[in-house]
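Take a look at the letters that make up each chain.
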Number of protein chains: 2
Amino acid sequence: MKKIQTPRGTRDFLPEEMIKREFVINKIKQVFEKYGFDPLQTPAFESWSLLSAKQGGGEEIKEDIYYFKDKAGRELGLRFDLTVPLARVIANNPQLTKPFRRYAIGRVWRYDRPQKGRYREFWQADVDSVGSKEMISDAEFIAIDVDVFRSLGFKNFVVRINNRKVIEGLLEICNIDKNKYDIFRILDKLEKIGLEEVKKELNKLGVDSKKIIDFISIRGKPDKTIEKAKKILKDSKIGTEGLNELEEVIKYCKMYDIIDYVEIDFSIARGLNYYTGIVYETTIKGFEGIGSVCSGGRYDKLVEIAGGERIPGVGLSFGIERIVDIMKEKNIFDSIKTKTKVFIVSVNNSVRKDCIKLAQELRKNGINAQIDIMGRNIRKQLEYVDSLGIPYAIIVGPEEVKKNKYKLKDMKKGTEQELSQQNILNKLK
Amino acid sequence: MKKIQTPRGTRDFLPEEMIKREFVINKIKQVFEKYGFDPLQTPAFESWSLLSAKQGGGEEIKEDIYYFKDKAGRELGLRFDLTVPLARVIANNPQLTKPFRRYAIGRVWRYDRPQKGRYREFWQADVDSVGSKEMISDAEFIAIDVDVFRSLGFKNFVVRINNRKVIEGLLEICNIDKNKYDIFRILDKLEKIGLEEVKKELNKLGVDSKKIIDFISIRGKPDKTIEKAKKILKDSKIGTEGLNELEEVIKYCKMYDIIDYVEIDFSIARGLNYYTGIVYETTIKGFEGIGSVCSGGRYDKLVEIAGGERIPGVGLSFGIERIVDIMKEKNIFDSIKTKTKVFIVSVNNSVRKDCIKLAQELRKNGINAQIDIMGRNIRKQLEYVDSLGIPYAIIVGPEEVKKNKYKLKDMKKGTEQELSQQNILNKLK
């Protein structure tokens, strides 16, 4: 019979890989909780009407949604992000205390062309705060962003910030109708296609590409860049408002003592339609090619698409795949293949009961332990221990049981010690 | 605009609910790891050819699979359990060391009629060991089963065991062709439809229902029930083999010191097609109506359906929804609405920087802390703390900053203490 593979663009995560992924996810979760966010889970699929709403992901994302009908003919789709479902939760639960601070870590699906770092099923770790229009809320997410990467062991990374209002201001002074041309979508492709291609696409629309290109090329430390932009956008109300907001966010970043990680980059646009204010993307130095490892921003109208009232929100999304890939390349992970700490080798079947008892004692003390369930000889059992990389083995035979002393083998060092059960427990705990 | 709801049969889990679910899932995960199992994750959807295989779930399940095509026309379906995907992983990765011991906790989907305790999207926590044909492997899962429920705080529950081979033996002595009639499926409905209905269905097939009903009514403590069954099935080779296996499993259950939780119940059949040997179901006393909270068994041919070699496997599946529901009814959970430990109340905007600094200090010490991001007055901030059930509040004003002493409010007791930052850290840690 032919072997059946995983569907295209999806993957299995074997234990060795899962242990790495869990390390990353747990660190992120810890930071989210430290900042006072609580877990929320929503279904894997949602109504098509929610997912396909114009103010949600937008046309490009819509093309990528896995669409299906249930047996009653309801139109559904697999969620493409964790923010649109959050908007529905807020709309459906007006009783929720504001600010509503939640995180969600889970799978999302996009029918994208599979390539390095891009999958059709991937994991996002999202954190959002709904209810505050204050810039201190935006800054809090930049602090979370920085905290996550520091706690994962990164030192050289940069959070690049912009404000959609600034780009709106730019369009205003260029006399470009923002509803007519989707300039945001073109700008968002900058990292992917490069400045020259963006220029070409803008020229195709017949707009003043030079002015735009010059402006979005402004990047660097906040104070000077904002000052420069203020002069250019001085005649745009929305643009000036956007720059003032940026200034305020920067002020809070200084209070959070994270300003060294922050840069202004007026080319940041974010592909998803729902952003309305401050937006940010994070890249790891030396891994800019992989793209943003964490991005987000402010969306002040998102809840409306699910039938709720207008309510401001801010959030961040971490890309688990990209972070894991970079950490692998940087060799940050310990190479661990199993969470089992010790394997109990039974010399023969007469001591099975003793092995079980010892294993249960280890487990009661929180030590992850395995016994032989294959009826294998000692050599084969030790080969298994080696193959899995279990750090310790305990040898149990009739002699050992009589003496109540067991050989504890350190598999890495190759050393052996004869110890009482209590001493083994103490050593392994 | 009309509010968009969750798709029928699916639910959101708000933080208060999620905290309960995570408590249960973490306990289960801990037990799995203590027994030396490692995490594995597979895609949410699989090829239709895998999911619909006859030796997999079987006809009844097939009807309940969410089916869809991707944009290239590939036939896919949302997974209905975590065992069939495991079979595919084993088939695709012959290099994996055996026994391959993995756990998987995640969503599965079945287009079932939604009712109390039954959803279209639900969570399973599965643990499986692939590669051993020994009964010590079957017994290990019963030990895990017992360990999970004890660690969740349950005392009165029973693991009811049977062996599919015993039922095959019964069919043999009743001269019923097991390939002609799906007797397993009828027996599996016993809890749902009752003995009388099962009898009717059997009579419809024209088989000797009395002999079957008498036999499957045998239940109770292992020794006597097995002895009784041995006499009835003495002329069936497969039936006797099944009873001998049961005896061996019971022997190991005694070694594991869990025999008090174990009963024989010859009516247990399990609905899924893939089981071939020992099967078990667990019910909580007083909650038998909810059905099995954990079930599983041995499947010796499952890997074949994914194109792999025949390889024996055993596994268990915990139903998260049912366990959570029962624990709620039994009032086992603490009523916690948030993981935030402390909220920093700012007396006015002049101390925002000090609040941020204090919050960062708390977070550095592993204490989950929130600050005001709404620009609210003191009263409103304290209302928020109350509404979320955050256990502590720290009051920070210009006076407090000057003295470097802050009021720590215990929200439950209503008491206040003036403490230095260091003393607050020590107290909350």
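Values in this document were obtained by computation on a predicted structure and should not be read as measured data.

1. A closer look at the packing of aromatic side chains
Across all of its chains, the model carries 37 aromatic pairs over all chains by this definition. A centroid spacing of 4.6 Å and a plane angle of 15° characterise the contact between Phe-157 of chain A and Tyr-261 of chain A, whose relative ring orientation is stacked. Linking Phe-157 of chain A in strand β7 (residues 157-163) with Tyr-261 of chain A in the loop between α12 (237-255) and β9 (262-265), this pair joins segments that are 104 residues apart in sequence. Each member of the pair, Phe-157 of chain A as well as Tyr-261 of chain A, carries the same accessibility label: buried. The positively charged end of Arg-11 of chain B is found above the aromatic ring belonging to Tyr-119 of chain B, 3.2 Å away from the centroid.

2. Topic: the sheet that holds strand β3 (residues 67-69) of chain A
Residues and elements named next belong to chain A. Read across the open sheet, the three strands follow the order β2-β4-β3; overall the sheet is antiparallel. If you trace the sheet from one side to the other, it starts and ends with β2 (45-47) and β3, each paired once. Recorded for the sheet is a direction-independent mean angle of 40° between the axes of neighbouring strands. Pairing geometry for β2 and strand β4 (residues 75-78), over three bridges, is antiparallel. Across the sheet, the residue bridging to Glu-46 is Gly-77, located in β4.

3. Focus: the relation of the copies chain A and chain B
Mapping chain A onto chain B calls for a rotation angle of 180° and an axial translation of 0.0 Å; the resulting RMSD is 0.0 Å. Here the copies are linked by what is in effect a two-fold axis. The C-alpha atom lying nearest the rotation axis in chain A is that of Phe-68 of chain A; the distance is 2.8 Å.

4. Focus: the packing of helix α1 (residues 15-34) of chain A against helix α13 (residues 320-329) of chain A
Residues and elements named next belong to chain A. At a closest axis distance of 10 Å, the pairing of α1 and α13 adopts a crossing angle of 115°. In terms of orientation, α1 lies roughly perpendicular with respect to α13. Remark: the crossing between α1 and α13 carries right-handed chirality. For the pair formed by α1 and α13, the contact residues are Glu-17, Lys-20, Arg-21, Phe-23, Val-24, Ile-25 and Ile-28 on the first element and Ile-320, Glu-321, Ile-323, Val-324, Met-327 and Lys-328 on the second. A breakdown of the residues in the contact of α1 with α13 according to their chemical character gives eight nonpolar, no polar and five charged.

5. So, the interface of chain A and chain B
The interface of chain A with chain B comprises 105 residues on the first partner and 105 residues on the second. With both sides pooled, the region where chain A packs onto chain B buries about 8800 Å², and carbon together with sulfur makes up 57% of that total. The three residues of chain A that bury the most area against chain B are Ile-4, Gln-41 and Ile-373 of chain A, which together make up 9% of that side's buried surface. At the boundary of chain A with chain B, the tally comes to 12 salt bridges. For the salt bridge of Glu-22 of chain A with Lys-29 of chain B, the shortest nitrogen-to-oxygen distance reads 2.8 Å. At the boundary of chain A and chain B, one finds 52 residue pairs in polar contact (both at pLDDT 80 or more). With seven residues, α1 of chain A is the single largest residue contributor to the side of chain A that touches chain B. Partitioned by chemical class, the residues of the side of chain A that touches chain B number 46 nonpolar, 25 polar and 34 charged.

6. A few points about the sheet that holds strand β13 (residues 342-346) of chain A
Residue and element names in this part refer to chain A. The strand order β14-β13-β15-β16-β17 describes an open sheet built from five strands, whose pairing is mixed. Among the strands making up the open sheet, the edge pair consists of β14 (369-371) and β17 (415-420). Each strand axis lies, on average, 25° off the axis of its neighbour in the sheet, ignoring direction. Judged from the three bridges that link them, β13 and β14 form a sheet pairing that is parallel. Of the residues in β14, the one forming a bridge with Phe-343 is Gln-370.

Criteria and cut-off values
- Residues numbered from 1 in each chain as written.
- Chains lettered and ligands numbered in written order.
- Predicted model: local features only at pLDDT ≥ 70, side-chain atom pairs only at ≥ 80, totals over all residues.
- Heavy atoms only, no water.
- Phe/Tyr/Trp six-rings, centres within 6.5 Å; stacked < 30°, edge-to-face > 60°.
- Helix = DSSP H or I, 4+ residues; strand = E, 2+ residues; numbered from the N terminus.
- Buried < 20%, exposed > 50% of the residue type's maximum accessible area, 1.4 Å probe, protein only.
- Lys NZ or Arg CZ within 6 Å of the ring centre and 35° of its normal.
- Pairing = 2+ DSSP bridges.
- Axes fitted to C-alpha atoms, helices over the stretch in contact; angles between N-to-C directions.
- Least-squares fit on C-alpha atoms with pLDDT ≥ 70 in both.
- Parallel < 35°, antiparallel > 145°, perpendicular 65-115°, else oblique.
- Left-handed = near helix turned anticlockwise from the far one by under 90°.
- Contact = heavy atoms within 4.5 Å.
- Nonpolar A, V, L, I, M, F, W, Y, C, P; charged D, E, K, R; others polar.
- Buried area = accessible area lost by both parts, 1.4 Å probe.
- Salt bridge = Lys/Arg side-chain N within 4 Å of Asp/Glu carboxyl O.
- Polar contact = N/O pair within 3.5 Å; in protein donor to acceptor, adjacent residues only side chain to side chain.

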